[in-house]
Amino acid sequence: MDGCFDLMHYGHANALRQAKALGDELVVGVVSDEEIVANKGPPVLSMEERLALVSGLKWVDEVIANAPYAITEKFMNSLFNEHKIDYIIHGDDPCLLPDGTDAYALAKKAGRYKQIKRTEGVSSTDIVGRILSSLKDTKTCENHDDSLSLPGNALKGSQSNSAHISQFLPTSRRIVQFSNGKGPGPNARVVYIDGAFDLFHAGHVEILRSARQLGDFLLVGIHTDQVVSEHRGKGHPIMHLHERSLSVLACRYVDEVIIGAPWEVTKDMVTTFNITLVVHGTVAENNSLLAGEPDPYAVPKSMGIFQMLDSPKTITTTSVAQRIVSNHEAYLKRNAKKAESEKKYYARKVYVSGD
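Residues numbered from 1 in each chain as written. Predicted model: local features only at pLDDT ≥ 70, side-chain atom pairs only at ≥ 80, totals over all residues. Heavy atoms only, no water.

Examining the overall build of the chain
Right, on to step 1. Within the chain one finds 14 helices and 12 strands.
Right, on to step 2. Buried residues in the chain amount to 52% of all 355 residues.
Right, on to step 3. Taking the contacts inside the chain whose residues are at least 6 apart along the sequence as the reference set, 79% of them involve residues at least 24 apart.
Right, on to step 4. For the chain, the accessible surface area stands at approximately 16,600 Å², while carbon and sulfur atoms represent 51% of it. (Helix = DSSP H or I, 4+ residues; strand = E, 2+ residues; numbered from the N terminus. Buried < 20%, exposed > 50% of the residue type's maximum accessible area, 1.4 Å probe, protein only. Contact = heavy atoms within 4.5 Å. Areas by Shrake-Rupley, 256 points an atom, 1.4 Å probe, with all protein chains shown as cover.)

The structure is reproduced here in structure tokens:
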């Protein structure tokens, strides 16, 4: 299966989960920056960041960097012969090239194409729209010491926030599909890390990898929408609690999540989950709006089980949003075009079996 995997979200993860279920090994092609620019407009995330996200998914066995956007005869033959690929997979939404032709025509002609069901309610286009809308609604949003703001007319072409309310319909079945379904062993060293994990990015993958290496079982606490909004302001989080939970659950370093973890790590939590170590990254969104609030890690610190963890990357949710804002004209243009095809997809959408 291939894709751009820009602003990686649970829809991408679910597509790869479905693809993996069709066989024994899943090889994923990540489209090059140049090909994305030529076919869609500028990517938000670099190739290195997109590779970190894709290879961090629990269903992915191998990654091919710089895959072409359209499957050419030459590339298809290299997939079949060098990578021993049996089938090429794509979702039920059409993938058209700028000239209007089907990007998967050759694979279909060769009889080596299989289709999966597109995940409802999310796309990278939708997320860019949510970011632009949240900035339109708040006008400014803090980024450490400097603020990012948009000129009043910069967002004229973007829709209001109501147009970007998530269409995701969370079911218990979807959570089960993403879950490992296993608890920690009797003597397992349980490591706990918490956060918003909004706009799941390469920085999240790397800090989760580092945290997992400190124990046998990684438990991730995901803060509620209300808690995130209280600490980061209106327009946050961009992805709601269930969306953020699925993105974290899809990560290969994560064993379990708490959906709606409390802001403060309590003694009761430590006992309930048999937590051995609580960690927190050195790079985090530190723009809490609640002054004079008690330290959320006071309890684990007093118990001697707290550790600061060096964040391998400096990327944050705000810095990703900042990239979109600083290049907002290009993204508005890209989104207007993509939003039209999204609208058509939803208007023509019919039931597709499978999950």
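Topic: the sheet that holds strand β12 (residues 306–309)
Right, on to step 1. Taken in spatial order, the 5 strands of this open sheet run β10-β9-β8-β11-β12, and their pairing is parallel. Across the chains shown, the open sheet's two edge strands, defined by having one partner strand only, are β10 (256–261) and β12. Between one strand axis and the next, the sheet turns through 30° on average, direction left out of account.
Right, on to step 2. The pairing of strand β9 (residues 217–223) with β10 spans 5 bridges and is parallel. Residue pairing across strands places Val-220 opposite Val-257, the latter belonging to β10.
Right, on to step 3. Packed on one face of the sheet, helix α10 (residues 241–249) meets β9 and β10 and runs near 160° to β9. (Pairing = 2+ DSSP bridges. Axes fitted to C-alpha atoms, helices over the stretch in contact; angles between N-to-C directions.)

A word on the packing of aromatic side chains
Right, on to step 1. As enumerated under the stated definition, the model contains 3 aromatic pairs in all.
Right, on to step 2. Arranged with centres 5.9 Å apart and planes meeting at 50°, the rings of Tyr-104 and Tyr-113 form a pair that is tilted.
Right, on to step 3. The buried category is assigned to Tyr-113, whose relative accessible area is 17%.
Right, on to step 4. Taking NZ or CZ as reference, Lys-301 lies 5.1 Å from the ring centre of Phe-306, over its face. (Phe/Tyr/Trp six-rings, centres within 6.5 Å; stacked < 30°, edge-to-face > 60°. Lys NZ or Arg CZ within 6 Å of the ring centre and 35° of its normal.)

Structural notes on the environment of Pro-186
Right, on to step 1. Mapping Pro-186 onto the fold places it in the loop between α7 (172–178) and β8 (190–195).
Right, on to step 2. Overall, Pro-186 belongs to the exposed group, its relative accessible area being 77%.
Right, on to step 3. In sequence terms Pro-186 and Asn-274 are 88 residues apart; their C-alpha atoms lie 9.6 Å from each other.

Some remarks on the side chain of Arg-130
Right, on to step 1. Inspection of the secondary structure assignment puts Arg-130 in helix α6 (residues 124–138).
Right, on to step 2. For Arg-130, the side chain forms a polar contact with the main-chain oxygen of Ile-238, separated by 3.0 Å. (Polar contact = N/O pair within 3.5 Å; in protein donor to acceptor, adjacent residues only side chain to side chain.)

Quick look at a negative patch on the surface
Right, on to step 1. On the surface, a cluster of negative charge is made up of Asp-24, Glu-25, Glu-62 and Asp-86.
Right, on to step 2. As for its placement among the helices and strands, Asp-86 is situated in the loop between α4 (73–81) and β4 (88–91).
Right, on to step 3. What makes Asp-86 exposed here is its relative accessible area of 53%. (Patch = residues over 30% accessible without salt bridge, like charges linked within 9 Å, V, L, I, M, F, W, Y side chains within 5 Å. Salt bridge = Lys/Arg side-chain N within 4 Å of Asp/Glu carboxyl O. Lys, Arg positive; Asp, Glu negative; His and termini not counted. Charge placed at Lys NZ, Arg CZ, Asp CG, Glu CD.)

Regarding the environment of Thr-171
Right, on to step 1. Checked against the element boundaries, Thr-171 lands in the loop between β7 (146–149) and α7.
Right, on to step 2. Counting along the chain gives 71 residues from Thr-171 to His-242, while the straight-line C-alpha distance between them is 9.5 Å.

So, the sheet that holds strand β2 (residues 27–31)
Right, on to step 1. Judged by pairing direction, the sheet is parallel, and its 3 strands sit side by side in the order β1-β2-β3 without closing on themselves. In the strand order of this sheet, the two ends are held by β1 (2–3) and β3 (62–67), each with one partner.

Looking at the pairing of strand β11 (residues 275–281)
Right, on to step 1. Burial runs high along β11: 5 of the 7 residues are buried.
Right, on to step 2. Looking at chain direction, β8 and β11 are connected through 4 bridges and run parallel. Bridging across to β11, Val-191 finds its partner in Leu-277.
Right, on to step 3. The sheet contact formed by β11 and β12 spans 4 bridges and is parallel. Pairing of His-280 across the sheet is with Met-308, part of β12.

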